[in-house]
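# Fold and contact review
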Amino acid sequence: GAGVSQSPRYKVAKRGQDVALRCDPISGHVSLFWYQQALGQGPEFLTYFQNEAQLDKSGLPSDRFFAERPEGSVSTLKIQRTQQEDSAVYLCASSPVGGWNYGYTFGSGTRLTVV
Amino acid sequence: DAKTTQPNSMESNEEEPVHLPCNHSTISGTDYIHWYRQLPSQGPEYVIHGLTSNVNNRMASLAIAEDRKSSTLILHRATLRDAAVYYCILPGYYGGSQGNLIFGKGTKLSVKP
């Protein structure tokens, strides 16, 4: 597709439920980032992939958060045993090699509400 | 933590120029300055970036101070569609030409008709 696609657009989960959020980056984009954005705040970095390799997961808030990109294209962010503080918009961004020079392309995000 | 300081909010009138300031006093010699904006209910959108010289593209201009400790994003004629949160960003690096965007709270720009 022409842009970064994220699904679902909205997700309501009961506390304790596991969720999986999907990101389809722009075809051929090597780099993929996940961000978490709480209401009224700027996005916060979660994790970074270069192809299938997860090069930085320093932003994942707990071991309940797990991300993968097994074939270097589609990525999934999984949250186990969701808590209310996990409610946020989860954003995915991708870029080609040399992304600095072109800017990163973000998806519209998945809004997760934990009730 | 974000390495930039921006005003929380600004207002502009439609069709007038807007100057959005950003302070980044701890900038290093190799840091590029990036600007993104986020419209309501959308993901951030790349606007412009630069190193030392002033930069222009179809969306905006970026004026960088000579000491590089501050910069200004310039929208030459604000439209209602420019109402958004504007983020000034110094990235974290992974080496080479790739890096992580470290967002602050940004400046919320309101545009009045």
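Preceding this paragraph is the structure being described.
Keep in mind that this is a model prediction, so the values were computed, not measured.

### Observations regarding the overall build of chain B
The helix and strand inventory of chain B stands at zero helices and 11 strands. Mapped in sequence order, the helices and strands of chain B form the string β-β-β-β-β-β-β-β-β-β-β. Its C-alpha radius of gyration of 13 Å places chain B within 12% of the 13 Å reference for a compact globule of 113 residues. Taking the principal axes of its C-alpha atoms as reference, chain B extends roughly 45 × 30 × 25 Å. Within the span of chain B, comprising 113 residues, buried residues form 46% of the whole.

### Considering the pattern of salt bridges
Should their charged atoms come close, side chains of opposite charge can pair. All names here are of chain B. Counting across every chain of the model gives seven salt bridges over all chains. One salt bridge connects E45 with R37, and the closest N-O pair in it is separated by 2.9 Å. Judged by its relative accessible area of 31%, E45 falls in the partly exposed class. Residue R37 is classed as buried on the basis of its relative accessible area of 11%. Through salt bridges that share partners, R37, E45 and D82 make up one connected network.

### A word on the pairing of strand β8 (residues 84-89) of chain B
All names here are of chain B. Counted residue by residue, β8 has five buried out of six residues, so it is predominantly covered. Pairing analysis gives five bridges linking strand β3 (residues 33-38) to β8, with the strands arranged antiparallel. Bridge pairing links Y36 to Y87 in β8.

### Some words on the sheet that holds strand β8 (residues 75-79) of chain A
All names here are of chain A. Strands sit in the order β1-β3-β8-β7 across an open sheet of four strands; the sheet is antiparallel. Since the sheet does not close on itself, it has two edges, and those belong to β1 (5-7) and β7 (65-68), each with one partner. Put simply, the sheet's adjacent strands are angled 15° from each other on average, direction ignored. Pairing of β1 with strand β3 (residues 19-24) involves three bridges; the strand directions are antiparallel. Its bridge partner lying in β3, S7 is registered against R22.

### Points about the interface of chain A and chain B
On the chain B side, the residues contacting the 24 residues of chain A number 23 residues. Taking both sides of the interface into account, the surface hidden between chain A and chain B amounts to around 1,900 Å²; carbon and sulfur atoms contribute 53%. Inspection of the chain A/chain B interface yields five residue pairs in polar contact (both at pLDDT 80 or more). Elements supplying a minimum of two residues to the side of chain A that touches chain B: β4 (31-37), β5 (44-50) and β9 (88-95) of chain A. Across the side of chain A that touches chain B, the residue classes break down as 11 nonpolar, 11 polar and two charged.

### Some remarks on the sheet that holds strand β2 (residues 18-23) of chain B
All names here are of chain B. Here four strands make up an open sheet; going across it, the order is β2-β7-β6-β5 and the pairing antiparallel. Of all strands in the sheet, those bounded by a partner on one side alone are β2 and β5 (55-56). Strand direction decides the pairing type here: β5 and strand β6 (residues 61-64), joined by two bridges, are antiparallel. Residue pairing for β6: N56 is matched across the bridge by S61.

### With respect to the state of the cysteines
Summed over the entire model, instances satisfying the criterion amount to two disulfides over all chains. Between the sulfur atoms of A:C23 and its disulfide partner A:C92 the distance amounts to 1.9 Å. When the S-S torsion is -65°, as for the bridge of A:C23 with A:C92, the disulfide is left-handed. One end of the pair, A:C23, is in strand β3; the other, A:C92, is in strand β9, with 69 residues separating them in the sequence. Residue A:C23 is classed as buried on the basis of its relative accessible area of 0%. Its relative accessible area of 0% is what places A:C92 among the buried residues. In this model B:C22 forms its disulfide with B:C88; the gap between the sulfur atoms is 2.1 Å. Given an S-S torsion of about -80°, the disulfide between B:C22 and B:C88 has left-handed geometry. Note that B:C22 is positioned in strand β2 and B:C88 in strand β8, a separation of 66 residues in sequence. When sorted by exposure, B:C22 lands in the same class as B:C88, which is buried.

Thresholds, definitions, all that
Residues numbered from 1 in each chain as written. Chains lettered and ligands numbered in written order. Predicted model: local features only at pLDDT ≥ 70, side-chain atom pairs only at ≥ 80, totals over all residues. Heavy atoms only, no water. Helix = DSSP H or I, 4+ residues; strand = E, 2+ residues; numbered from the N terminus. Rg over C-alpha atoms; globule rule 2.2 N^0.38 Å. Buried < 20%, exposed > 50% of the residue type's maximum accessible area, 1.4 Å probe, protein only. Salt bridge = Lys/Arg side-chain N within 4 Å of Asp/Glu carboxyl O. Pairing = 2+ DSSP bridges. Axes fitted to C-alpha atoms, helices over the stretch in contact; angles between N-to-C directions. Contact = heavy atoms within 4.5 Å. Buried area = accessible area lost by both parts, 1.4 Å probe. Polar contact = N/O pair within 3.5 Å; in protein donor to acceptor, adjacent residues only side chain to side chain. Nonpolar A, V, L, I, M, F, W, Y, C, P; charged D, E, K, R; others polar. Disulfide = S-S within 2.5 Å.

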